[in-house]
Amino acid sequence: MRLTKSTDLALRTIMRLAVTGAEPCTARQVAGELQVPYSHLAKVAARLQHLGLIETRRGRGGGLALTATGRTASVGQLVREFEGVGDVVDCEGDTPCPLRQGCRLRMALRRAQEAFLASLDPLTVDDLVASPTGPLLLGLVGRAPGQSP
């Protein structure tokens, strides 16, 4: 299973916010540190805010900050929220698969997808930023885009 760029960015953003605690940072700052377009990060941040995982504040002293809910959020649930529900393969697409009525592969892939997500369910955002990841993320903070740690 391959995650979408939005899901990947949501996970990296929430991890980045987790290492600095309640200290807000701007979306532009996070986009620069993660080396992603600001517009994409802004869309992901809006979705994370809607899910109650981060809060955004405008103006001086504002920025993005992780909520208590975000800190303890299940990684599996976060991936489900961003990936949505659906099969790994599109058997019913523009050209429906002629095997779809009796295909065993579709169900096997569905079970594999659920097993993948279930393996992420016990992980929290806090788990993701435990050592050695947290210190590596802290090394990104304040670094100029493109600069090595």
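These numbers come from a predicted model, not from an experiment.

Looking at this model, I keep getting lost on the packing of helix α3 (residues 38-50) against helix α5 (residues 75-83). Mind explaining?
Two packed helices can be described by the angle between their axes and the distance between those axes. Axis separation between α3 and α5 bottoms out at 12 Å; the angle between their running directions is 120 degrees. Considering the angle they form, α3 stands oblique to α5. You can see that α3 and α5 cross each other, and the crossing is right-handed. For the pair α3 and α5, the contacting residues are Val44, Arg47 and Leu48 in the first and Leu78, Glu81 and Phe82 in the second. Of the residues assigned to the contact of α3 with α5, the class counts are four nonpolar, no polar and two charged.

Explanation requested: the layout of surface pockets in the structure shown.
To find the voids left in a structure, one rolls a probe of water-molecule size over its atoms. Taken as a whole, the largest pocket encloses approximately 250 Å³ of empty space. If you trace the largest pocket, you find 14 residues lining it, with Ala27, Tyr38, Thr56, Arg57 and Leu64 closest to the centre. Within the residue set of the lining of the largest pocket, elements represented by two or more residues are α2 (27-34), α3, β1 (54-57) and β2 (63-66). Among the elements that line the lining of the largest pocket, the one with the most residues is α3, at five residues. Grouping the amino acids of the lining of the largest pocket by side-chain chemistry returns six nonpolar, five polar and three charged.

Help me understand the environment of Gly21, please; the structure alone is not making it clear to me.
Relative to the helices and strands, Gly21 resides in the loop between α1 (5-19) and α2. Of the residues examined, Gly21 reaches a relative accessible area of 22% and is grouped as partly exposed. It is 9.0 Å that separates the C-alpha atoms of Gly21 and Thr67, two residues lying 46 residues apart in sequence. Dropping the residues within four chain positions of it, Gly21 is found in contact with Leu66 and Arg71.

Would you take a moment to explain the environment of Ala18 for this structure?
Secondary-structure assignment places Ala18 in helix α1. Taking the relative accessible area as the measure of exposure, Ala18 reaches 6% and is therefore buried. For Ala18 and Val129, which are 111 residues apart along the polypeptide, the C-alpha to C-alpha distance reads 7.1 Å. Setting aside residues no more than four positions away along its own chain, Ala18 makes contact with Leu66, Arg71, Val125 and Val129.

Calculation criteria
- Within every chain, residues take consecutive numbers counted from 1 along the sequence as written.
- Reporting of local features is limited, given that this is a predicted model, to residues whose pLDDT is at least 70; pairs of side-chain atoms are given and counted only at 80 or more, and all residues count toward the totals for whole chains, interfaces and linings.
- With hydrogens and water excluded, all non-hydrogen atoms of the structure serve as input to the side-chain values.
- For helices, the fitted axis covers only the stretch in contact; all axes are lines through C-alpha atoms, and the angles between them, taken along N-to-C directions, range from 0 to 180 degrees.
- Every helix listed is a DSSP run of H or I at least four residues long, and every strand listed is a run of E at least two residues long, numbered separately from the N terminus.
- Between 65 and 115 degrees an angle is taken as roughly perpendicular, under 35 as roughly parallel, over 145 as roughly antiparallel, and anywhere else as oblique.
- By convention, the crossing between two helices is left-handed when the near helix turns anticlockwise from the far helix through less than a right angle, and right-handed when the turn is clockwise.
- Any pair of residues with heavy atoms lying within 4.5 Å of one another is described as a contacting pair.
- In this count, Pro and Cys sit with the nonpolar residues alongside Ala, Val, Leu, Ile, Met, Phe, Trp and Tyr, while Asp, Glu, Lys and Arg are called charged and the others, Gly among them, polar.
- The definitions used throughout rest on a 1 Å grid laid over the protein atoms alone, on which a cavity is an enclosed set of points accommodating a 1.4 Å probe that cannot get out and a pocket is an open set flanked by protein within 12 Å on both sides along at least five of seven lines; lining residues are those having an atom within 4 Å of a point.
- Grid points are joined across faces, edges and corners, and a volume is the space filled by probe spheres set on the points.
- Exposure is judged per residue with a 1.4 Å probe applied to protein chains only, and the accessible area is read against the type maximum: over 50% gives exposed, under 20% gives buried, and values in between give partly exposed.

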